[in-house]
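Spelled out, the chains give:
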Amino acid sequence: KAGVTQTPRYLIKTRGQQVTLSCSPISGHRSVSWYQQTPGQGLQFLFEYFSETQRNKGNFPGRFSGRQFSNSRSEMNVSTLELGDSALYLCASSLGGLAGLQETQYFGPGTRLLVL
Amino acid sequence: AQSVTQLGSHVSVSEGALVLLRCNYSSSVPPYLFWYVQYPNQGLQLLLKYTSAATLVKGINGFEAEFKKSETSFHLTKPSAHMSDAAEYFCAVSEAGTASKLTFGTGTRLQVTL
């Protein structure tokens, strides 16, 4: 079974631009979560999508948004990029079962975004 | 809010020595705890997880962790370190009912020397 894939793997943008990152979950997984990893703040939860709906949200500004398609693929968008948005963006997928059931999240290799 | 604290941002051990990476959690409800490993330029790989079934949890690559409620700890151990264990290790906690929202510790970089 193929793992979580993320595209592109590397991206360079300039301040003020916007960017879209893509994540394809493991086949059969319906939940996709996004995390930002930076040296200063570590790993931080951005949001989770399940069945095309945002189910959980972290503490990030509205410039960070996402969506999920009917095939469970997810995209994350960052508008008006700032230097501080430079980070490794990780996507994770899980089955997305009933609340309270602890499932394993499987992570993709990440997209490394550099904002100049 | 739940949180985890990893003591020691860098740990260095000799090959063949015991690996001990520390994690303490803070939670008002029974936590679900995880250890992930990250190799350079890669994503996170799950080593093991605790979901209250057993206090001693065995994971991949010879790692295990013991949940100690009295100490609010979930330390990761491996009896004998291998060079391939050099990586960054993250302890994480998830809230009951929000399995897809993990709160991570700051990470511990493990160095293995000859």
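Report on the accompanying structure. Quick caveat, the model's predicted, so the values are computed rather than measured.

### Topic: the sheet that holds strand β1 (residues 5-7) of chain A
All names here are of chain A.
And then number 1: The antiparallel open sheet is built from four strands, whose spatial order is β1-β3-β8-β7. Looking at which strands have only one partner, the edges of the open sheet turn out to be β1 and β7 (64-68). The average undirected angle you get between the axes of adjacent strands in this sheet is 20 degrees.
And then number 2: Relative to strand β3 (residues 19-24), β1 runs antiparallel, the two being bridged by three bridges. Paired with Gln-6 across the two strands is Cys-23, which belongs to β3.

### Section: a nonpolar patch on the surface
And then number 1: A contiguous nonpolar patch, built from Ile-12, Leu-114 and Leu-116 of chain A and spanning about 300 Å² of accessible area, is present on the exposed surface.
And then number 2: With respect to the helices, strands and loops of the structure, Leu-114 of chain A is situated in strand β11 (residues 111-115).

### Some thoughts on the sheet that holds strand β1 (residues 3-7) of chain B
Residues and elements named next belong to chain B.
And then number 1: Across the sheet, five strands lie side by side as β1-β3-β8-β7-β6; this open sheet has antiparallel pairing. Only two strands of the sheet have a single neighbouring strand rather than two, namely β1 and β6 (56-58). Taken pair by pair, the neighbouring strands of this sheet meet at an average axis angle of 20 degrees, ignoring direction.
And then number 2: Alignment of β6 against strand β7 (residues 64-68), held across three bridges, turns out to be antiparallel. Considered in β7, the bridge of Val-57 is made with Ala-65.

### Focus: unusual backbone geometry
Negative phi is the rule for most residues except glycine; trans is the rule for most peptide bonds.
Residues and elements named next belong to chain A.
And then number 1: In this chain, Thr-7 is followed by Pro-8 through a cis amide linkage whose omega measures -10 degrees.
And then number 2: Relative to the elements of secondary structure, Pro-8 occurs in the loop between β1 and β2 (10-13).
And then number 3: Of note, Ser-72 is a non-glycine position whose phi angle comes to about 80 degrees, a positive value.
And then number 4: Residue classification places Ser-72 among the buried residues on the basis of a relative accessible area of 11%.
And then number 5: Its identity is not glycine, yet Thr-80 carries a phi of approximately 45 degrees, on the positive side.
And then number 6: Within the secondary structure, Thr-80 sits in the loop between β8 (74-78) and β9 (87-94).
And then number 7: Among the residues examined, Thr-80 registers a relative accessible area of 47% and is labelled partly exposed.

### What about the interface of chain A and chain B?
And then number 1: Each side of the interface is counted separately: chain A has 25 residues, and chain B has 22 residues.
And then number 2: Counting each side, the surface lost to burial between chain A and chain B is near 1,800 Å², with a carbon and sulfur contribution of 51%.
And then number 3: Inspection of the region where chain A meets chain B yields zero salt bridges.
And then number 4: Inspection of the region where chain A meets chain B yields four residue pairs in polar contact (both at pLDDT 80 or more).
And then number 5: Elements with a minimum of two residues in the side of chain A that touches chain B: β4 (31-38), β5 (42-50), β6 (53-57) and β9 of chain A.
And then number 6: In terms of residue count, β4 of chain A provides more of the side of chain A that touches chain B than any other element does, four residues in total.
And then number 7: Taken together, the residues of the side of chain A that touches chain B break down into nine nonpolar, ten polar and six charged.

Reading guide: rules and limits
Residues numbered from 1 in each chain as written. Chains lettered and ligands numbered in written order. Predicted model: local features only at pLDDT ≥ 70, side-chain atom pairs only at ≥ 80, totals over all residues. Heavy atoms only, no water. Pairing = 2+ DSSP bridges. Helix = DSSP H or I, 4+ residues; strand = E, 2+ residues; numbered from the N terminus. Axes fitted to C-alpha atoms, helices over the stretch in contact; angles between N-to-C directions. Patch = residues over 30% accessible without salt bridge, like charges linked within 9 Å, V, L, I, M, F, W, Y side chains within 5 Å. Areas by Shrake-Rupley, 256 points an atom, 1.4 Å probe, with all protein chains shown as cover. Salt bridge = Lys/Arg side-chain N within 4 Å of Asp/Glu carboxyl O. Buried < 20%, exposed > 50% of the residue type's maximum accessible area, 1.4 Å probe, protein only. Contact = heavy atoms within 4.5 Å. Buried area = accessible area lost by both parts, 1.4 Å probe. Polar contact = N/O pair within 3.5 Å; in protein donor to acceptor, adjacent residues only side chain to side chain. Nonpolar A, V, L, I, M, F, W, Y, C, P; charged D, E, K, R; others polar.

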